[in-house]
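Remarks on the overall topology
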Amino acid sequence: MNVDSKKIDAFLVELLTQVGENLREDSIKKMSVGTKKNRNDLVTNFDKKTEKFINTRIKEAYPEATIVSEEGYGDLVKDMSGLVFFVDPIDGTMNFVKRGDDFASMIGVYIDGEPLIGAIIDVMDNEIYHGGKEIGLFIDQTPIDIPKNLPLIEGLVDISAPMALANKFDVQEVVKKSSGLRVYGSAGIIFGHLLTGKEVMYMSYLAPWDLAAGRVLCEAAGMSVVSIDDSPINMLESQVVIVGTQKVASEALKTLKAR
Ligand code: IPD
Ligand code: CA
Ligand code: CA
Ligand code: CA
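Residues numbered from 1 in each chain as written. Chains lettered and ligands numbered in written order. Predicted model: local features only at pLDDT ≥ 70, side-chain atom pairs only at ≥ 80, totals over all residues.

For the protein, the name recorded in an unreviewed UniProt entry is Inositol monophosphatase family protein, with Companilactobacillus farciminis as its organism.

In structure tokens, the structure reads:
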């Protein structure tokens, strides 16, 4: 399939710019908050409204594409053939509800299973991380300086709170070997930290829409994106994922237990 990656990138930047404007307005309006799997798994009217908006725009521009998205307005995608868009309308819904900051909106695009273009907006900072292997990486219009391949001892790691607290896979051993632990609560915000060298690793149980955009961007920046048992990443399933500099990812895989 022949696709114009630059055109898709420009489309995502325009779309997320609009989403950012909408959400900055929405975040000061009264929201209705519901729960999904448990009391801390939140969903708001704005998660749903934003997903409907994004998916409608994707279908208008790319009618041949299929969409995997969090809140139920996507397609039932059974394989990765053709153009597949992954949509996380609000990433860090808990931060959106409780803090009104440090939340993102993310879109990742794959072609026949290969990462193509990713875009993440840090909504309140109004910065868009975007691009891919073919076209390069940018924050808004500025090219990103590829982060150094730092070892664990030289950087901060970000691990989802439940995983760090439960010491899943002995993950606290990884923390002990690092410069320290940070827990930002939004995969999208953390991918931004990895791309700018502020953190060297992220580990969490991630759904396809949590991972898709960040995987495109971090791989294009030369980082490793690996599953906890080092098996190939399956973009149609949730899995525990390590994203980090190549040195850190391999140190983490050696350190983690019970895999
Ligand atoms: C969540 C956030 C969080 C991560 C969770 C995700 P959501 O996404 O990215 O940082 O640890 O696994 O589910 O539900 O706010 O879009
Ligand atoms: Ca959610
Ligand atoms: Ca998410
Ligand atoms: Ca979400």
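**Here's the deal with the overall build of the protein**
Check the secondary structure of the protein and you find 8 helices and 14 strands. Against the compact-globule benchmark of 18 Å for 259 residues, the protein has a radius of gyration of 17 Å, which places it among compact chains. Residues counted as buried form 42% of the 259 residues belonging to the protein. A fraction of 62% describes how many contacts in the protein between residues 6 or more apart in sequence connect residues 24 or more apart. (Helix = DSSP H or I, 4+ residues; strand = E, 2+ residues; numbered from the N terminus. Rg over C-alpha atoms; globule rule 2.2 N^0.38 Å. Buried ≥ 20, exposed ≤ 12 C-beta atoms within 10 Å, placed from the backbone. Contact = placed C-beta atoms within 7 Å.)

**Notes on the pairing of strand β12 (residues 201-206)**
Of all the 6 residues making up β12, 5 are buried; the element is thus mostly covered by neighbouring parts of the structure. In this sheet, β12 lies alongside strand β10 (residues 156-159) in parallel orientation, the contact comprising 3 bridges. Each bridged residue has a counterpart across the sheet, and for aspartate 158 the counterpart in β12 is tyrosine 202. In this sheet, strand β14 (residues 239-244) lies alongside β12 in antiparallel orientation, the contact comprising 6 bridges. Along β14, the bridge assignment pairs tyrosine 202 with valine 243. (Pairing = 2+ DSSP bridges.)

**Points about the sheet that holds β10**
Here we have 5 strands laid out as an open sheet, ordered β11-β10-β12-β14-β13, and mixed in their pairing. Since the sheet does not close on itself, it has two edges, and those belong to β11 (180-182) and β13 (224-227), each with one partner. Adjacent strand axes in the sheet meet at a mean angle of 20 degrees when their direction is disregarded. By the bridge criterion, 3 bridges tie β10 to β11 in an arrangement that is parallel. In the sheet register, aspartate 158 faces β11, and the bridge partner there is arginine 182. Running at roughly 140 degrees to β14, helix α8 (residues 246-255) makes contact with β12, β13 and β14 of the sheet. (Axes fitted to C-alpha atoms, helices over the stretch in contact; angles between N-to-C directions.)

**Regarding unusual backbone geometry**
In this structure, asparagine 167 is a non-glycine residue whose phi angle is positive, near 50 degrees. Locating asparagine 167 in the fold gives a position in the loop between α4 (161-165) and α5 (171-176). Residue class for asparagine 167 comes out exposed when judged on the 12 C-beta atoms lying within 10 Å of it. Residues other than glycine seldom take positive phi values, yet aspartate 230 does so here, at roughly 65 degrees.

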